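Understanding the architecture of this molecule
Here is what each chain is made of, one letter per residue.
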Amino acid sequence: MGKKSHRKRNNKATRDCLKDIKSIPEDAVGEILVEAARLQAEANKTYSLADLKQIGSEAGITPHLVDTAVRNIEEKRGRKKKKQQKLQKQIKKQVKKGISVGISLMIPAIIVSSLFIFRAPLQPVISEFISRFDSDQK
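Rules and cut-offs
Residues numbered from 1 in each chain as written. Predicted model: local features only at pLDDT ≥ 70, side-chain atom pairs only at ≥ 80, totals over all residues. Heavy atoms only, no water. Helix = DSSP H or I, 4+ residues; strand = E, 2+ residues; numbered from the N terminus. Buried < 20%, exposed > 50% of the residue type's maximum accessible area, 1.4 Å probe, protein only. Areas by Shrake-Rupley, 256 points an atom, 1.4 Å probe, with all protein chains shown as cover. Axes fitted to C-alpha atoms, helices over the stretch in contact; angles between N-to-C directions. Parallel < 35°, antiparallel > 145°, perpendicular 65-115°, else oblique. Left-handed = near helix turned anticlockwise from the far one by under 90°. Contact = heavy atoms within 4.5 Å. Patch = residues over 30% accessible without salt bridge, like charges linked within 9 Å, V, L, I, M, F, W, Y side chains within 5 Å. Salt bridge = Lys/Arg side-chain N within 4 Å of Asp/Glu carboxyl O. Lys, Arg positive; Asp, Glu negative; His and termini not counted. Charge placed at Lys NZ, Arg CZ, Asp CG, Glu CD. pLDDT = per-residue confidence, 0-100.

On to the overall build of the chain. In terms of regular secondary structure, the chain is built from 5 helices and 0 strands. Classification of the 138 residues of the chain by burial places 2% in the buried group. Accessible surface computed for the chain: about 13100 Å², of which carbon and sulfur atoms make up 62%.

Right, dumping it as structure tokens:
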């Protein structure tokens with residue numbers, strides 16, 4: 001069964017249920033309007049500026065204040081996006097720095113460990129080098 005037919009059944013059940021309601025208690029009005037706004041926001045993912053001004057005027061908000069609010073939010077989001085981009089850039093820089101330092105430290109560590117690993121086969125070579133060095137010194 002598709003979503004549309006499921007919604008039709010839910011809408012019919014809701015309408016039938018609402019027929020019995022004569023009045024709504026004052027303490028439930030705010031909660032109902034918040035839920036309605038949430039449902040509206042889910043249904044409409046975007047609004048035009050004209051829509052926002054209309055909604056604002058119904059709530060007693062002047063169009064000028066809606067324009068100002070839109071600008072403020074856009075500026076705030078822009079700053080947040082720039083901050084995130086700057087942070088990502090710093091993280092990438094630190095990762096690159098960490099990798100280069102890590103590689104710089106690994107190379108000597110590999111050399112030193114190689115000396116220990118290949119110590120026995122290299123012992124005669126090292127001894128001969130030292131003895132030649134000593135004889136050249138004398």
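On to the packing of helix α3 (residues 49-58) against helix α4 (residues 63-117), then. Put simply, α3 and α4 touch, their axes get as near as 9 Å, and they point 130 degrees apart. As judged from the angle between their axes, α3 and α4 are oblique. Of the two elements, α3 crosses α4, and the hand of that crossing is right-handed. Touching Leu49, Leu52, Lys53 and Gly56 of α3 are Pro63, Val66, Asp67 and Val70, all from α4.

For the rest of this paragraph, the subject is a positive patch on the surface. Taken together, the side chains of Lys76, Arg77, Arg79 and Lys80 define a basic patch exposed on the protein surface. By secondary structure assignment, the location of Arg77 is in helix α4.

So, on to the environment of Ser131. With respect to the helices and strands, Ser131 occurs in helix α5 (residues 119-137). Take Ser131: its relative accessible area is 40%, and that puts it in the partly exposed class.

The next thing to look at is the pattern of salt bridges. Considering all chains together, one arrives at 4 salt bridges under this definition. Note that Asp67 and Lys53 form a salt bridge whose closest N and O atoms lie 3.1 Å from each other. Within this pair, whereas Asp67 is found in helix α4, its partner Lys53 is found in helix α3, the two being separated by 14 residues in sequence. A relative accessible area of 22% places Asp67 in the partly exposed class.

Mean pLDDT for the chain: 82, with 87% of residues reaching 70 or above. α3 holds the highest mean pLDDT among the elements of the chain, 91, whereas helix α1 (residues 3-19) holds the lowest, 58.

For Gly56, the location among the structural elements is in helix α3. By relative accessible area, which is 4% here, Gly56 ends up buried. Aside from chain neighbours lying at most four places away, what touches Gly56 is Ile61 and Val66.

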